[in-house]
Amino acid sequence: MKTVLQPVADKPTFNKSTKKSLWLEAWKKLKKQRPAMIGLGIVVVFILMGILAPVLTSQPYDGFNPQKTLISPNANHWFGTDDQGRDIYTRIIYGARISLWIGFFSVIGSIIVGSLLGLIAGYYGKWLDTIISRFFDIMLAFPSILLAIAIVAILGPSLFNALVAIAIINIPTYGRLIRSRVLSVKEEEYIAAAKITGMSDRRLLFQHVLPNSITPIIVQGTLGIATAILEAAALGFLGLGAQPGEPEWGKMLADSRQFITSAPWTLLFPGSAIMLIVLGFNMFGDGLRDALDPKMK
């Protein structure tokens, strides 16, 4: 009688309750970090601003009124008006939608493409790893903002093309991160056991390797949103992102730079909005890293 030996994987069994308890433990650690919770609060405020923009404002963000140009902050216009008589408070609120939209979706795109390339490079290795790694090195050899400017110049100035450019320039960041994790995870005994049982590479990658490599991506993605918002503001400032009339904070800064002495509020509030949302994501991302990384004290 032929005896079939079944390898025993050393990977612990993670059911739904176990995963829930791990995330609950991370949340408990996160709540103990005051800077992280302050950052989360800032992020939530800006998200609510974007969602509830029509409720929080009573004026159109693109309304032109030559009789109300460059009015300083008052009871009717909390943040004053710009050189075209548009209410800055309204444009700041609607601008939160644009910045968060670019931040979230550019990072999601970068993570999807970068993770796929990183998985292939780290798992299969050999010539595939060489080609993909050299591709990452070539992209990282260029300053990110210059590469984004070149991509938008080819595609044409627009918010969507700015989003695409920001997603492309950040692919190597997530690809290299996933690749390094895969190189470590694929040497684990439970991966070898899964291979012996005849599990397909596709199933192995997406059911075992990727889930065990995703934690640093979550942290990097949170921090990456702040970077994407800054890059979108830079492109908008240069006229390569948001176009005239769109309430994007970088574009608002560009349109108001000539009034830095005569009407400083036109730059103060958009600049403060950029600073606060980037600060919020950075503080939350740092706290999230400490909560999810068991090596961090």
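Residues numbered from 1 in each chain as written. Predicted model: local features only at pLDDT ≥ 70, side-chain atom pairs only at ≥ 80, totals over all residues. Heavy atoms only, no water.

**Quick word on the overall build of the chain**
Okay, so step 1: Scanning the chain for helices and strands turns up 13 helices and zero strands.
Okay, so step 2: The order of helices and strands in the chain, counted from the N terminus, is α-α-α-α-α-α-α-α-α-α-α-α-α.
Okay, so step 3: Overall, the C-alpha framework of the chain stretches about 95 × 45 × 30 Å when taken along its three principal axes.
Okay, so step 4: Across the 297 residues of the chain, 43% fall into the buried class.
Okay, so step 5: Pairs at least 24 apart in sequence give 71% of the contacts found in the chain among residues at least 6 apart.
Okay, so step 6: Accessible area of the chain: about 16,200 Å², with a carbon and sulfur share of 64%.
Okay, so step 7: Taking the average location of the 28 positive side-chain charges in the chain and that of its 19 negative ones, the two points are 8 Å from each other. (Helix = DSSP H or I, 4+ residues; strand = E, 2+ residues; numbered from the N terminus. Buried < 20%, exposed > 50% of the residue type's maximum accessible area, 1.4 Å probe, protein only. Contact = heavy atoms within 4.5 Å. Areas by Shrake-Rupley, 256 points an atom, 1.4 Å probe, with all protein chains shown as cover. Lys, Arg positive; Asp, Glu negative; His and termini not counted. Charge placed at Lys NZ, Arg CZ, Asp CG, Glu CD.)

**Examining the pattern of salt bridges**
Okay, so step 1: Scanning the entire structure with this criterion turns up seven salt bridges.
Okay, so step 2: The partner of D82 in a salt bridge is R86, with the nearest N and O atoms 2.9 Å apart. We note that D82, like R86, is buried.
Okay, so step 3: Two residues, D137 and R134, come together in a salt bridge whose shortest N-O distance is 2.8 Å. Of the two residues, D137 and R134 both sit in helix 5 (residues 126-140), three residues apart, roughly one turn of that helix.
Okay, so step 4: On the basis of relative accessibility, which here comes to 31%, the residue D137 falls in the partly exposed class.
Okay, so step 5: Look at the salt bridges and you will find they share partners, linking R134, D137 and R176 into a network. (Salt bridge = Lys/Arg side-chain N within 4 Å of Asp/Glu carboxyl O.)

**Some words on the packing of helix 4 (residues 88-124) against helix 5**
The angle between the axes and the distance between the axes are what describe a pair of packed helices.
Okay, so step 1: Two elements in contact, helix 4 and helix 5, have axes separated by 7 Å at closest approach and are oriented at 140 degrees. Overall, the two elements helix 4 and helix 5 adopt an arrangement that is oblique. When the axes of helix 4 and helix 5 are compared, the crossing they make is left-handed. Contacts from L117, I120, A121 and Y124 of helix 4 reach helix 5 at K126, L128, D129, I132, F135 and F136.
Okay, so step 2: Residue classes in the contact of helix 4 with helix 5 are distributed as eight nonpolar, no polar and two charged. (Axes fitted to C-alpha atoms, helices over the stretch in contact; angles between N-to-C directions. Parallel < 35°, antiparallel > 145°, perpendicular 65-115°, else oblique. Left-handed = near helix turned anticlockwise from the far one by under 90°. Nonpolar A, V, L, I, M, F, W, Y, C, P; charged D, E, K, R; others polar.)

**Examining a nonpolar patch on the surface**
Okay, so step 1: Nonpolar side chains collect at one region of the surface, where W101, F104, F105, I108, I112, V113, L116, F160 and F206 lie side by side and expose about 840 Å² of accessible area between them.
Okay, so step 2: No other element matches helix 4, which puts seven residues into the nonpolar patch.
Okay, so step 3: In this structure, I112 sits in helix 4. (Patch = residues over 30% accessible without salt bridge, like charges linked within 9 Å, V, L, I, M, F, W, Y side chains within 5 Å.)

**Examining the nonpolar core**
Okay, so step 1: If you look at the biggest cluster of nonpolar residues, it comprises 62 residues, and the most contacted ones within it are F46, W249, I277 and F281.
Okay, so step 2: Here the element with the most residues in this core is helix 4; it accounts for 13 residues.
Okay, so step 3: In this view, F46 contacts A96, L100, W249, A273, L276 and I277; residues no more than four positions away in its chain are not counted.
Okay, so step 4: A26, L30, V219 and L288 belong to the second-largest nonpolar core, a separate cluster that totals ten residues. (Core = buried A, V, L, I, M, F, W, Y, C linked by side-chain atoms within 4.5 Å.)

**Considering helix 2 (residues 34-51)**
Okay, so step 1: In a regular helix each residue adds 1.5 Å, so 18 residues correspond to 26 Å; helix 2 covers 26 Å between its end C-alpha atoms and thus fits that length.
Okay, so step 2: For helix 2, every residue scored as buried is listed here: A36, G39, L40, I42, V43, F46, M49 and G50. (Expected span 1.5 Å × (residues − 1).)

**A word on a positive patch on the surface**
Okay, so step 1: Together, K28, K29, K31 and K32 make up a region of like positive charge exposed at the surface.
Okay, so step 2: Of note, K29 is situated in helix 1 (residues 16-31).
Okay, so step 3: With relative accessibility at 38%, the residue K29 sits in the partly exposed group.

**Here's the deal with the side chain of D129**
Okay, so step 1: Tracing the backbone shows D129 in helix 5.
Okay, so step 2: If we skip the residues at most four places from it in the chain, D129 touches A121 and R179.

Remember, this is a structural readout, not a statement about activity or role.
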